[in-house]
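Working through the structure, step by step
Residue-level listing of the chains:
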Amino acid sequence: MNNFSTKFGYQRERNIVGIVPLVLLFALVIDSALPSIFPTAFLGNEQIIVSHLLLYFIVTFSFYLRNTSIMIYAFFIGLIADAYNSTILGLYAILYFLSAYFILSIRRHFPRNAIIHMMLFIVSITIIDFVVYLFYQQVGLSRLLFEDYVVMRLGPTLIFNMALTFFMYLPNRLLVRWLGYDDHIIF
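These figures come from a predicted structure and were not determined experimentally. Residue positions are given per chain, counted from 1 along the sequence in the order it is written. Totals for whole chains, interfaces and linings use all residues, but because this is a predicted model, local features are given only for residues with pLDDT of at least 70 and pairs of side-chain atoms are given and counted only at 80 or more. Hydrogens and waters are ignored; side-chain quantities use all the structure's heavy atoms.

Turning our eyes to something else, we now look at the layout of surface pockets. The rolling of a water-molecule-sized probe over the atoms marks out the regions of remaining empty space. Reported here for the largest pocket is a volume of approximately 350 Å³. Any residue with an atom within 4 Å of a point lines the site, the site being either a cavity, points on a 1 Å grid over the protein atoms alone where a 1.4 Å probe fits but cannot get out, or a pocket, an open set with protein on both sides within 12 Å along at least 5 of 7 lines. Lining the largest pocket we find 18 residues, and of these V50, S51, N85, Y92 and R153 sit closest to its centre. Put simply, the parts of the chain that give the lining of the largest pocket at least two residues each are α1 (2-37), α3 (70-85), α4 (91-106) and α5 (114-139). Strands are runs of DSSP state E lasting at least 2 residues, helices are runs of H or I lasting at least 4, and numbering of each runs from the N terminus. If you tally residues by element for the lining of the largest pocket, the top one is α1, at four residues. Basically, the charged four are Asp, Glu, Lys and Arg, the nonpolar ten are Ala, Val, Leu, Ile, Met, Phe, Trp, Tyr, Cys and Pro, and anything else, Gly included, counts as polar. Split into classes, the residues belonging to the lining of the largest pocket amount to 10 nonpolar, six polar and two charged. Lining the second largest pocket are 14 residues; nearest its centre among them are I30, L34, L164, F167 and M168. Elements supplying a minimum of two residues to the lining of the second largest pocket: α1, α2 (53-64) and α6 (146-178). In terms of residues, the lining of the second largest pocket owes the most to one element, α1, which gives six residues. Residue composition of the lining of the second largest pocket, by class: 14 nonpolar, no polar and no charged. Grid points are joined across faces, edges and corners, and a volume is the space filled by probe spheres set on the points.

Our focus in this paragraph is the confidence of the model for the protein. Known as pLDDT, the predictor's per-residue confidence is scaled from 0 to 100. Taken as a whole, the protein shows an average pLDDT of 84; of its residues, 84% reach a score of 70 or greater. Across the protein, α4 holds the top mean pLDDT of 95, while α1 sits lowest at 72.

A word on the packing of aromatic side chains. Centre distance within 6.5 Å is the pairing criterion for rings of Phe, Tyr and Trp, where only the six-membered ring of Trp is used; planes under 30 degrees apart are then read as stacked, over 60 as edge-to-face, and the remainder as tilted. Under the defined criterion, the tally for this structure stands at 14 aromatic pairs. Taking the centre distance of 5.6 Å and the plane angle of 45° together, the rings of Y92 and Y96 count as tilted. Note that Y92 and Y96 are positioned in helix α4 at a spacing of four residues, about one turn of the helix. With respect to burial, Y92 and Y96 carry one shared label: buried. Aromatic side chains F130 and Y149 sit 6.5 Å apart centroid to centroid with 50° between the ring planes, which places their arrangement in the tilted category. The classification of residues rests on relative accessible area computed with a 1.4 Å probe and restricted to protein chains. Under 20% of the type maximum is buried, over 50% is exposed, and intermediate values are partly exposed.

Now for the environment of F97. Following the sequence through the fold, F97 ends up in helix α4. Sequence separation of F97 and Y73 is 24 residues, and the distance between their C-alpha atoms is 8.2 Å. Excluding residues within four positions of it along the chain, F97 makes contact with M71, A74 and F75. Two residues form a contact once any of their heavy atoms are found within 4.5 Å.

Any two side chains of opposite charge can pair, so long as their charged atoms come close to each other. By definition, a salt bridge exists where a carboxyl oxygen of Asp or Glu is found within 4 Å of a side-chain nitrogen of Lys or Arg. What the rule picks out here adds up to one salt bridge. A salt bridge links D129 to R153; its shortest N-O distance comes to 3.0 Å. Of this pair, D129 sits in helix α5 while R153 sits in helix α6, and the two are 24 residues apart along the sequence. R153 carries the same exposure label as D129, and that label is buried.

Here we come to the environment of A33. If you trace the backbone, A33 turns up in helix α1. On the accessibility criterion, A33 (36% relative accessible area) is partly exposed. The sequence separation of A33 and S51 amounts to 18 residues, and the corresponding C-alpha distance is 8.6 Å.

Every patch collects residues that have over 30% relative accessible area and no salt bridge, joining them within 9 Å if they carry like charges and within 5 Å if they are nonpolar side chains (Val, Leu, Ile, Met, Phe, Trp, Tyr). Every accessible area reported is derived by Shrake-Rupley at a probe size of 1.4 Å, with residue values counting cover from the shown protein chains alone. Taken together, the side chains of F130, L134, F146, V150 and V151 present a nonpolar region at the surface, about 400 Å² in accessible area. Residue assignment for the nonpolar patch shows that the elements contributing at least two residues are α5 and α6. Top contributing element to the nonpolar patch by residue count: α6, with three residues.

What follows is about the packing of α2 against α4. To describe two helices that pack against each other, one gives the angle between their axes and the distance between the axes. It is the contact of α2 with α4, at a shortest axis distance of 8 Å, that shows an interaxial angle of 30°. One finds that α2 runs roughly parallel with respect to α4. Seen from above, α2 lies across α4 with right-handed handedness. Taking contact as the criterion, the partners of L54, L55, I58, V59, S62 and F63 in α2 are, on α4, Y96, S99, A100, I103 and L104. Considered class by class, the residues forming the contact of α2 with α4 number nine nonpolar, two polar and no charged. With axes taken as lines fitted to C-alpha atoms, and helix axes fitted only over the stretch in contact, angles between N-to-C directions fall between 0 and 180 degrees. An angle counts as roughly parallel when it lies under 35 degrees, as roughly antiparallel when it exceeds 145, as roughly perpendicular when it falls between 65 and 115, and as oblique in every other case. We call a crossing left-handed when the near helix sits turned anticlockwise from the far one by less than a right angle, and right-handed when that turn is clockwise.

Have a look at this one:
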């Protein structure tokens with residue numbers, strides 16, 4: 001019995017080390033394409049949606065997996081995301097790292113279910129998007145007023161990403177179970 005549990009634990013760690021970075025890289029590539037395939041009929045003239053699929057998986061792995069290397073993965077994938085999408089290198093890297101750290105530190109206080117996971121994801125999006133807005137405002141890359149930011153960017157982004165969480169629930173549940181964690185509860 002001990003040999004089986006050791007072998008299963010080793011296989012779980014190999015799955016995490018091999019699959020988690022690949023899923024994060026895949027999410028980074030898909031993240032850029034998702035807003036463009038979203039029907040523009042649902043958006044107003046100047047509204048912007050930002051897909052946070054990468055953050056979704058960072059929150060997922062931080063919340064469900066027992067491996068703390070997700071913080072390192074979040075930082076490096078944030079650097080890649082900054083180089084790929086952003087003009088300021090390191091902003092998303094730090095924010096993704098802090099998000100993973102925050103979720104790792106508070107997850108023991110919450111039951112592992114989909115509603116808590118979704119709420120942590122929405123809170124993470126709101127905080128990260130707001131910090132990016134403030135940073136760009138201070139640097140001078142954005143002149144958007146706060147009210148316009150909430151109506152034209154934050155609102156549509158939250159709605160889009162909430163729909164994304166419902167769409168990603170089943171694949172996410174299968175991925176977490178395949179990685180060896182069965183305490184993913186359906187509501």
